[in-house]
Amino acid sequence: MFRSLIIIIACSCAIFSFSQSKSKKLKPDAVEIYFGIGNENTFLFDDTDYLYKTKYIKASFEYELNNSKYSWSLALQPQIHFLKHQLLNPFFVREIEPNFEEDRVTFTQLKSMRLYGLEVEINVHRLVFKKLEVSALLAIGPAIIDTRTERLAKGFTFMETIGFGIHYKLSNRLFLMLRPTFSHISNARIQLPNSGYNVLNLETGVSWKL
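Residue numbering note: each chain is counted from 1, following its sequence as written. In keeping with the model being predicted, local features are shown solely for residues with a pLDDT of at least 70 and side-chain atom pairs are shown and tallied solely at 80 or more, while totals for entire chains, interfaces and linings include all residues. Calculated side-chain values reflect all of the structure's heavy atoms, with hydrogen atoms and water omitted.

Enquirer: Can you tell me about unusual backbone geometry, naming the residues and giving the values?
Expert: Cis rather than trans, the peptide bond between Leu-192 and Pro-193 has omega equal to 5°. Checked against the element boundaries, Pro-193 lands in the loop between strand 7 (174-186) and strand 8 (197-209). Backbone geometry at Asn-99 places phi at a positive 60°, although glycine is not the residue there. Numbering of helices and strands runs from the N terminus; a helix is a DSSP stretch of H or I covering at least four residues, while a strand is a stretch of E covering at least two. Position of Asn-99 among the secondary structure elements: in the loop between strand 3 (70-87) and helix 2 (100-107). Classification of residues uses two cut-offs on accessible area relative to the type maximum, computed with a 1.4 Å probe and protein chains only: under 20% is buried, over 50% is exposed, and between them is partly exposed. By relative accessible area, which is 52% here, Asn-99 ends up exposed. For Ala-188, which is not a glycine, the phi torsion comes out positive at approximately 60°.

Enquirer: Lay out the nonpolar core with the relevant residues and their values.
Expert: To define a nonpolar core, start from buried Ala, Val, Leu, Ile, Met, Phe, Trp, Tyr and Cys residues and group those joined through side-chain atoms within 4.5 Å. One finds Tyr-50, Tyr-52, Leu-83, Met-113, Leu-115, Ala-143, Ile-145, Leu-152, Met-159, Ile-185, Tyr-197 and Val-199 forming the largest nonpolar core, which totals twelve residues. Elements represented by at least two residues in this core include exactly strand 2 (50-64), strand 4 (111-127), strand 5 (132-145) and strand 8. Contacts are assigned to residue pairs that have any heavy atoms within 4.5 Å of one another. In contact with Met-159, not counting residues within four places along its chain, are Gln-79, His-81, Leu-115, Gly-117, Glu-119, Ala-139, Ile-140, Gly-141, Ala-143, His-184 and Ile-185.

Right, here's the structure in full:
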């Protein structure tokens, strides 16, 4: 995980340096870093067929679209997810599927997987107190998952995320953030299987205004 953190920070710095060198218009208005956890087994879902947990690191390069009572922004978000997955109900793999016996044995073992994603997020902010800001977000983007399971094929997939955030102002430039979000991961039937995952997340982070 430490090595992956170094990779995502290096990529983040490279993108930021590139944007600075090209034009002021490409320079982000804020750089953020998030650490998150997610779980399928929650009061919203709790699908007894499988276990799915994630820990992830996400960088965010935010561009303000306007600055008024309701402020809108757009963000580019590279991220790495460290996943735990296990099929709990072997009969989810049906007997009509080829190699179903072998797949049942394989998929019911606990697996460690990784997902690499790049989401584009749109955010609306509202200042509610002098040091407190709330936001709502919607994000979507491509991803790569490195392991096939009974629910999702290995390789290319998509991530969609909705949520809201609480931002606490420590200084004119530094903010602390807390964001509960919901994510769906599936591949739009580009490959099979494509049952996908539904995950409730909680992420914390810091934002530095440039």
